[in-house]
Amino acid sequence: MRWSQAHIPTLREDPADAEAVSHRLLVRGGFIRRLMAGSYSLLPLGMRVATKVSNIIREEMDRIGGQEFLLPVVHPGEVWKQTGRWDSVGEELLRFKDRRGTDLALAMTHEEIFALLATEMSSYRDLPQMWYHLQTKFRDEPRPKGGLLRVREFIMKDSYTFDLDEEGLDVQFRRHDEAYRRIFERMGMETIAVEASSGVMGGSESVEFMVASDAGEDDVAMCSSCDYAANTEKATSQVPEVLDDPWPGDPERVPTPGIRTIAALAEAHDFASPERQIKTLAYIVGGELRLALLRGDHELMEQKLVDGMGTTDIRPAEAHEIRSALGADPGSLGAVGVTEFRIFADPALRNRTNMVTGANEDDWHLRGVDVERDIGVDAWLDLRRVLAGEPCPRCGEPLDVVRVIEVGHIFKLGTTYSEPLGAVVLDPEGKERPIVMGSYGIGVGRNVAAAVESNHDDDGIVWPVSIAPYEVVVTAVQQDDAVTEAAEGIYRGLGEAGVEVIIDDRDERPGVKFADAELIGIPFRITVGPRSLADGEVEVMRRRDRTVERVPLDAAVDMVAAAVAAERR
RNA sequence: CGGGACGUGGCGCAGUUUGGCAGCGCGCAGCGUUCGGGACGCUGAGGUCGCCGGUUCAAAUCCGGCCGUCCCGACCA
């Protein structure tokens, strides 16, 4: 490609909505442009990178036995109704009607449609299968952000596996785990594989692949000494036992005028330190009020409540709902004597005695509460958010909490989709069995952004050769006849050697060309100019560490082609 | 959905308080001088001031409504 002919609209200033580093660099470098909130156009450079990412994914999927499909983006609402997700996924699913009034939806994922195709299989002999495609997804996110990191429309590689039983699923799950590690490694990212919440996907087990970055939206708890790592939506830690002083008899009412917070109560009474209080939170789950109890100094991880309730229809109760249900305002709530609402308590409260909690009467609290004796706990449920420094649940060493970007997620689905859609096969005994499914996703654009997040410096992007828009840029400076001839020769030679090369033949000053090449992040730059050409040499610079090497003009093509080949993965 | 802010040439912004010629920087075009790390001079092109309505002799500016965007929170494979 000739730069003078290419559409590479670089910017000298940051876009107004610059947020994540990757967003800023991708916009400034002329890789992407925003169309509207959460929708981006890929410009030629962005397209080249995305294509390379897609091809790496294809190669690794094919390597583990995947077969590529392409399924539609517009789905009949009917199929989503069959699995129940028409109602359960909420507004994230964009719905509309066609001219006949038929309900349609834009694909936010493809479990339904792939499972529908799987209904054509009828024998265990057809299994196992691994199917995938790279296709547009649309999710009507309430708040897209971070440029490509969180968008509404994006291309995702999603694959689906079909097995007779859990053992088969385990094999396919493991293969995906391996393929995903290779994919991220080839793109130049270090990932952390973590246990995750399955969210609305359902299913038994899921693993997320995370890249550490401040631009991320998830947190991972990682052990400093063993290999424990989990999304904080699911992570646990050891809670040191609290020794309670005995309390003779029933709870006692304590006047606490004006006290509405755990901190204030702890301040006012030395018997009410936060770890000796019970935090009572009211949530509306599927329309009915439920109580979640935690130790006073512990914080609720809402996703754990969602997972425990098995529905996403959850919201904090509003003040008026709380008042009419419990007779007090938040700040004086408690679960002692409450029988009409279901109560979920965090295990850290187990066997605790002599606790302090609200009396469900403004300005009154109870002390001397024995959790097991005085509160009708319906279920014990891990609800607390893990904090950095707490002991690892496996080995007891302190946990780190790290901000991450989720770049891939693999799920064991089981029969959640195959059953309602009737995807069944006959087993060797002639018995009908629902196919056991798995689903696995990698967002292409998010991975492009994540790769930039982990590969950049102050001057721009530092692409690994594997996904760079071009492998080499030939930069001609002070173009006289000799320079032009030498530069063109190298450009031609590299092209013939199979190197992806762009020649910066623009009539620009050297500084502009250097700055653009670095912003765009091309791994190798060959500078051809009179200064070194006088010695019959050109300069080869590596973007990553900016090392410069002078090489004889006639050796440049071979040398650079070899260097590029060595870094292709 | 709750709170806050913003919308003015391709990009970044000023002008709005106090109504009166639509401006600045970058970028873009032409000419000239420059040219190994984002040059400089001169000339020039380019704007329904988000949209609709209202007030006024006069609206980017005041009022009402709507739309869009961003930030915090809520939500969220």
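Residues numbered from 1 in each chain as written. Chains lettered and ligands numbered in written order. Predicted model: local features only at pLDDT ≥ 70, side-chain atom pairs only at ≥ 80, totals over all residues.

### Regarding the overall build of chain A
Next up, step 1: Of regular secondary structure, chain A possesses 16 helices and 31 strands.
Next up, step 2: Counting only C-alpha atoms, chain A reaches 100 × 65 × 50 Å along its principal axes.
Next up, step 3: When the 569 residues of chain A are sorted by exposure, 44% land in the buried category.
Next up, step 4: In chain A, the share of contacts with a sequence separation of at least 24, taken over all contacts with a separation of at least 6, comes to 72%. (Helix = DSSP H or I, 4+ residues; strand = E, 2+ residues; numbered from the N terminus. Buried ≥ 20, exposed ≤ 12 C-beta atoms within 10 Å, placed from the backbone. Contact = placed C-beta atoms within 7 Å.)

### Quick word on the packing of helix α13 (residues 481-496) against helix α16 (residues 556-567)
Next up, step 1: The geometry of α13 relative to α16 is characterised by a closest axis approach of 9 Å and an angle of 45 degrees between their N-to-C directions. Overall, the two elements α13 and α16 adopt an arrangement that is oblique. In the crossing of α13 with α16, the sense of the turn from one axis to the other is right-handed. On the side of α13, the interface is formed by I490, G493 and L494, while α16 contributes A556, V557, V560 and A561. (Axes fitted to C-alpha atoms, helices over the stretch in contact; angles between N-to-C directions. Parallel < 35°, antiparallel > 145°, perpendicular 65-115°, else oblique. Left-handed = near helix turned anticlockwise from the far one by under 90°.)

### Topic: the environment of M156
Next up, step 1: Relative to the assigned elements, M156 resides in strand β8 (residues 153-163).
Next up, step 2: For the pair M156 and D103, spaced 53 residues apart in sequence, the C-alpha to C-alpha distance is 24 Å.
Next up, step 3: Ignoring anything within four residues of it in the chain, the contact list for M156 reads Q135, K137, G441, I442, G443 and V444.

### Considering the sheet that holds strand β30 (residues 537-542)
Next up, step 1: If you walk across this open sheet you meet the five strands as β28-β27-β29-β30-β31, and the pairing is mixed. Taken across any chain shown, the strands that pair with only one partner, and hence form the sheet edges, are β28 (501-504) and β31 (548-552). Between one strand axis and the next, the sheet turns through 25 degrees on average, direction left out of account.
Next up, step 2: Strands in contact with α16 are β27 (472-476), β29 (524-528), β30 and β31; relative to β29, the strand with the most contacts, it is inclined by about 165 degrees. (Pairing = 2+ DSSP bridges.)

### Thoughts on the packing of helix α2 (residues 44-63) against helix α6 (residues 166-186)
Next up, step 1: Packing of α2 against α6 leaves a shortest axis separation of 9 Å and a crossing angle of 155 degrees. When the axes of α2 and α6 are compared, the pair comes out roughly antiparallel. α6 is crossed by α2, and the crossing has right-handed handedness. For the pair α2 and α6, the contacting residues are I56, I57, E60, M61 and R63 in the first and A179, R182, I183 and R186 in the second.
Next up, step 2: A breakdown of the residues in the contact of α2 with α6 according to their chemical character gives five nonpolar, no polar and four charged. (Nonpolar A, V, L, I, M, F, W, Y, C, P; charged D, E, K, R; others polar.)

### Focus: the pairing of strand β7 (residues 129-138)
On a regular strand, one side chain projects to one face of the sheet and the next to the other, so that they alternate.
Next up, step 1: The pairing of strand β3 (residues 67-68) with β7 spans two bridges and is classified as parallel. For E68, the partnering residue across the bridge sits in β7 and is Y132.
Next up, step 2: Here β7 pairs with β8 via ten bridges, running antiparallel. What sits directly across from L134, in β8, is K157.

### Digging into the sheet that holds strand β5 (residues 95-97)
Next up, step 1: In space, the three strands of this open sheet follow the order β4-β6-β5, with antiparallel pairing throughout. In the strand order of this sheet, the two ends are held by β4 (74-76) and β5, each with one partner. Taking the axes of each pair of neighbouring strands and ignoring which way they run, one obtains an average angle of 40 degrees across the sheet.

### What to know about the pairing of strand β14 (residues 278-285)
Next up, step 1: Among the eight residues that make up β14, six are buried, leaving the element largely enclosed by the rest of the structure.
Next up, step 2: Both β14 and strand β15 (residues 288-295) contribute to a ladder of eight bridges, which runs antiparallel. Bridge assignment links L281 to a residue of β15, and that residue is A292.
Next up, step 3: Here β14 hands over to β15 after two residues, with G286 in that stretch at a positive phi of 55 degrees.
Next up, step 4: When β14 meets strand β16 (residues 314-316), the two strands line up antiparallel, connected through three bridges. Residue pairing across strands places V285 opposite I314, the latter belonging to β16.

### A few points about the nonpolar core
Next up, step 1: V472, V474 and I490 are the most contacted members of the largest nonpolar core, which has 115 residues in total.
Next up, step 2: Per element, the largest residue contribution to this core is eight residues, and it comes from strand β21 (residues 399-414).
Next up, step 3: Counting 31 residues, the second largest nonpolar core, distinct from the first, contains A266, L294, V371 and I375. (Core = buried A, V, L, I, M, F, W, Y, C linked by C-beta atoms within 7 Å.)

### Overview of the confidence of the model for chain A
Next up, step 1: Looking at chain A, pLDDT values average 92 and 98% of them are 70 or higher.
Next up, step 2: The ipTM for the predicted assembly is 0.91, set against a pTM of 0.91. (pLDDT = per-residue confidence, 0-100.)

### Quick look at α13
Next up, step 1: The first and last C-alpha atoms of α13 sit 22 Å apart over 16 residues, in line with the 22 Å expected at 1.5 Å per residue.
Next up, step 2: All of the buried residues in α13 are A486, A487, I490, Y491 and L494. Within α13, the buried residues cover an arc of 135 degrees as seen down the axis, which keeps them to one side. In α13, the exposed residues that point more than 90 degrees away from the buried face are D481 and E496.
Next up, step 3: Contacts made by the buried residues of α13 are with β27, β28, β29, α15 (530-533), β30 and α16.
Next up, step 4: Immediately downstream of α13, the backbone of G498 shows phi near 85 degrees, a positive value. (Expected span 1.5 Å × (residues − 1). Arc of directions from axis to C-beta.)

### What about α2?
Next up, step 1: Its 20 residues give α2 an end-to-end C-alpha distance of 28 Å, which sits within 8% of 28 Å, the value for a rise of 1.5 Å per residue.
Next up, step 2: Taken as a whole, α2 has its buried residues at L45, G46, V49, A50, K52, V53, I56, I57, E60 and M61.
Next up, step 3: The positive-phi residue at the C-terminal boundary of α2 is G65, with phi of around 95 degrees.

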